[in-house]
There are 2 protein chains.
Amino acid sequence: MTKAPTVYDVAADAGVSIATVSRVLRRPEDVRASTRERVMDSVRDLGYVPSGSARGLAARRTGALGLYFPGFDAMDDMGELSDLLADASPSYSFVDDVGAAPESHQFNLYFDEVLRGAELEAWRRGFALTVAVGRGGLAADAARDMAGRVDGLLVLAQSVPDAALEQLARRIPIVVLASAAHSGAFDSVTVSNHEGMHALTAHVIDDLGIRDIAYVAGPLDSPDDNDRWAGFESALLERGMDPGRVRLRRGEFTRASGRLAGAYLLASDAMPKAVICANDQMGLGVLDALNEAGIRVPQEVVVTGFDGIEAANLSSPRLTTVHQPMELVGRAAIQLMQRRLDDPEAEPASIRLPVKVLLRESSEGS
Amino acid sequence: MTKAPTVYDVAADAGVSIATVSRVLRRPEDVRASTRERVMDSVRDLGYVPSGSARGLAARRTGALGLYFPGFDAMDDMGELSDLLADASPSYSFVDDVGAAPESHQFNLYFDEVLRGAELEAWRRGFALTVAVGRGGLAADAARDMAGRVDGLLVLAQSVPDAALEQLARRIPIVVLASAAHSGAFDSVTVSNHEGMHALTAHVIDDLGIRDIAYVAGPLDSPDDNDRWAGFESALLERGMDPGRVRLRRGEFTRASGRLAGAYLLASDAMPKAVICANDQMGLGVLDALNEAGIRVPQEVVVTGFDGIEAANLSSPRLTTVHQPMELVGRAAIQLMQRRLDDPEAEPASIRLPVKVLLRESSEGS
DNA sequence: CTGAAAGCGCTAACAA
DNA sequence: TTGTTAGCGCTTTCAG
């Protein structure tokens, strides 16, 4: 790390001007082959690495896109680095984990997959991807900082205050994920929550012939939850059923709250023939409660989830669910961003991605 | 997106010099309160967002760290954006998923968790995190591009050719993840693969009293696999057992290859009393094979994995395994980076993180 | 095809 | 405490 070589060093070494060095790197075909090779040799010899900052400043584009998410749960603090370096801790330990059943936070999975899709698509288009996860009340600041270093920002719905978002939008393009709310102002990507739940509900009623249904909803302030309920509701209404008479439990989108909901239903006079849950975690929780009570799924009760997380595929019975293409959400968002970067004047567009109803053992059983 | 305001605009609006604007943003306490407020008002009014590039260029630090990983599996191509915008596709579809059992790629999980840890720790220290996943042969180029835009680079072992890495190291600090190979030259973070496997093996032999053991290894070129085998081997040697006589199967770290290994063992004359696998995926595959054959685990055969992925916690029976703290790997790497940034002359350090042997139903059963 | 020169927007001495 | 003034390293006309 002596002193990073610059265009000047390369130019001097190759006996050309800095403009030529720049050209060789950006538009090689505009430079005579012999010159180009001379420059490339110098680049290699000196170990030249172009400064992203300088390039970004001069070209007025950073070549990076940003992905901003609201925060995860708080995490355990880890030991200080000094301890680790001192090798003070044992290199392994035993844990009696028999009977345990830790819960992974659903939000992480969502983030992971969206990120993966965004990263892939960004890479294919030659962008770097910078990620940030907001914590506490500094969302606006963090987002602003990020906005200063990227060419465009992908933001998960509700992770940044609206006012701040509009401010940022004056500087760089914004694409909002998982929210049609802003659809007038921003490009956005959503999934067919409503349609998916509607289709699943219709299947349960029409194909399985079940009309005695309980619904396990999520938090009131979740747009996803609202959309899903609306899809459920409309399916009932279309069939002349009264949504108001459905046994409704509200959970926190967690497995624990699903288990609670399941317990509640078990304690009631009669179990419904189907329990439709607003997400997989809660569906798995209901499954837990039912399994423990010895109720057979799906013979006695059908259970369904929503999201299509991996765990829903590993439960017994495997959980029927509606899969949302999280990875595609990330990819589509980048595509939208590219479009806007290419044509800043385009009308704000909204992509709604299709979902897949995955019929599995928790509803289709013998 | 009319025209992004700059320090000059803010300065003019607030009636101060650009230096003062800069100060208000960087070291607010060096500016008189009244002035500071005047500037802040202008910042707000104009919607000023500092340019990361300009800042990075002038300060010679970008405030970002990079995380570079080797590529995932190829991904399906998605429809073109135009199709999605045209809303040509149905908003949902049904899939008969009964009996299916898709496999998720273990590597993704690893990446996700390391990333999460790195992001958290970076954020706490005021760094942005830029991620890149290498594909194909362009690893060196991608890494170089990244190196130009960050203050330090975290690189997963073997994701970048050694020669390229050394070149980059002349420009910015490098921290290598999951490899002690480079330990002389770079800061690095590893986990106690050897010790973990050793401890697990010792448990099987000493506590469970099993000496008839089969081993399912991973690919030959995996450093992780080598370390784990070495741990296994040493445990045997210490007890006067001959590793050469162990039934050894080599898999691809995938569930499918584990299932194959299981089938092979089933077809042999006599099943061993324990099958120790070099990772969880293969352990789960072995479990699959045994379950299908009606062999009781752990009563007839004990099965163990390595990694501690979520799926190993959801299988039946739940898989005994050695958990590696992937999230901590990410966090520790950032801590090491910080240390080097603070003191470029420090000796290269290597952190080895402890693992946890998780004893679960696949080994501890009644 | 190549060179000269003018910035890009900000930070950091150094003065005042 | 605040202003002046150099650059930071690169891209990009515009000439030649």
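Above this text you will find the structure in question.
What you see as residue numbers is a count from 1 along each chain, following the sequence as written. Chains and ligands are labelled by the order in which they are written, letters from A for the one and numbers from 1 for the other. Given that this is a predicted model, residues contribute local features only at a pLDDT of at least 70 and side-chain atom pairs are listed and counted only at 80 or more, while totals for whole chains, interfaces and linings are drawn from all residues. Hydrogens and water molecules were not included; the side-chain quantities draw on all heavy atoms of the structure.

Draft legend 1. Representation of the overall build of chain A. In DSSP terms, a helix is any run of H or I states spanning at least four residues, a strand is any run of E spanning at least two, and both are numbered starting from the N terminus. A tally of helices and strands in chain A yields 14 helices and 13 strands. In this analysis, two residues are considered to be in contact whenever any of their non-hydrogen atoms come within 4.5 Å of each other. Long-range pairs, those at least 24 residues apart, make up 71% of the contacts in chain A with a sequence separation of at least 6. Note on areas: these come from Shrake-Rupley sampling with a 1.4 Å probe, and a residue is covered only by the protein chains present in the view. Surface accessibility of chain A: about 15,500 Å² in total, with carbon and sulfur atoms responsible for 50%.

Draft legend 2. The arrangement of the sheet that holds strand E13 (residues 355-359) of chain A in detail. What makes two strands pair is DSSP finding at least two bridges between them. Taken together, 3 strands build an open sheet; the order of strands is E11(A)-E13(A)-E2(B) and the sheet is mixed. Edge positions in the open sheet fall to strand E11 (321-323) of chain A together with strand E2 (92-96) of chain B, since each of these has one partner strand only. With direction set aside, neighbouring strand axes in the sheet form an average angle of 30°. Two strands pair when backbone bridges link them, and E11 of chain A and E13 of chain A are joined in this way by 3 bridges, in the antiparallel orientation. Between N-to-C directions, angles cover 0 to 180 degrees, with each direction set by a line fitted to C-alpha atoms, over the stretch in contact for helices.

Draft legend 3. Looking closely at the interface of chain B and chain A. At the junction of the two partners, chain B supplies 104 residues and chain A supplies 104 residues. Accessible surface is computed with a 1.4 Å probe, and the buried area is the amount of it that two parts give up when combined, taken over both parts together. For the pair chain B and chain A, the two sides together bury roughly 8,700 Å², of which 57% comes from carbon and sulfur. For Arg 116 of chain A, the salt bridge is made with Asp 112 of chain B, and the minimal N-O distance between the two is 2.6 Å. The greatest single-element share of the side of chain B that touches chain A, amounting to 8 residues, is contributed by helix H6 (residues 106-124) of chain B. Salt bridges are defined by distance alone: a side-chain nitrogen of Lys or Arg within 4 Å of a carboxyl oxygen of Asp or Glu.

Draft legend 4. The arrangement of the protein's contact with DNA strand D in detail. Around DNA strand D sit 26 residues, and of these Val 7, Arg 26 and Tyr 48 of chain A together with Arg 23 and Thr 35 of chain B come closest. A cutoff of 4 Å decides nearness: a residue is near a molecule or strand if any of its heavy atoms lies inside that distance of it. When the atoms of DNA strand D within 4 Å of the protein are sorted by group, sugar and phosphate make up 58%. Under the rule applied, a polar contact is a pair of N or O atoms within 3.5 Å (in protein, one hydrogen donor and one hydrogen acceptor; residues adjacent in sequence only if both atoms are side-chain atoms). Backbone polar atom of Ser 17 of chain B to a phosphate oxygen of DNA strand D: 3.0 Å apart, as the coordinates give it. In this structure, a phosphate oxygen belonging to DNA strand D sits 2.3 Å away from a side-chain N or O atom of Thr 35 of chain B. Within the residue set of the surface near DNA strand D, elements represented by two or more residues are helix H1 (7-14), helix H2 (18-26) and helix H4 (52-59) of chain A together with helix H2 (18-26) and helix H4 (52-59) of chain B. In terms of residue count, H2 of chain A provides more of the surface near DNA strand D than any other element does, 5 residues in total.

Draft legend 5. Seen up close, the protein's contact with DNA strand C. Lining the immediate surroundings of DNA strand C are 27 residues, of which Arg 23 and Thr 35 of chain A together with Val 7, Ser 22 and Tyr 48 of chain B lie closest. Backbone atoms, meaning sugar plus phosphate, form 62% of the atoms of DNA strand C positioned within 4 Å of the protein. In the environment of DNA strand C, a phosphate oxygen lies 2.4 Å from a nitrogen or oxygen atom belonging to the backbone of Val 7 of chain B. Of all the secondary-structure elements, those providing two or more residues to the surface near DNA strand C are H2 and H4 of chain A together with helix H1 (7-14), H2 and H4 of chain B. The dominant element in the surface near DNA strand C, judged by the number of residues it contributes, is H2 of chain B, at 5 residues. Residue composition of the surface near DNA strand C, grouped by class: 14 nonpolar, 6 polar and 7 charged. In this classification, Asp, Glu, Lys and Arg are treated as charged, Ala, Val, Leu, Ile, Met, Phe, Trp, Tyr, Cys and Pro as nonpolar, and every other residue, Gly included, as polar.

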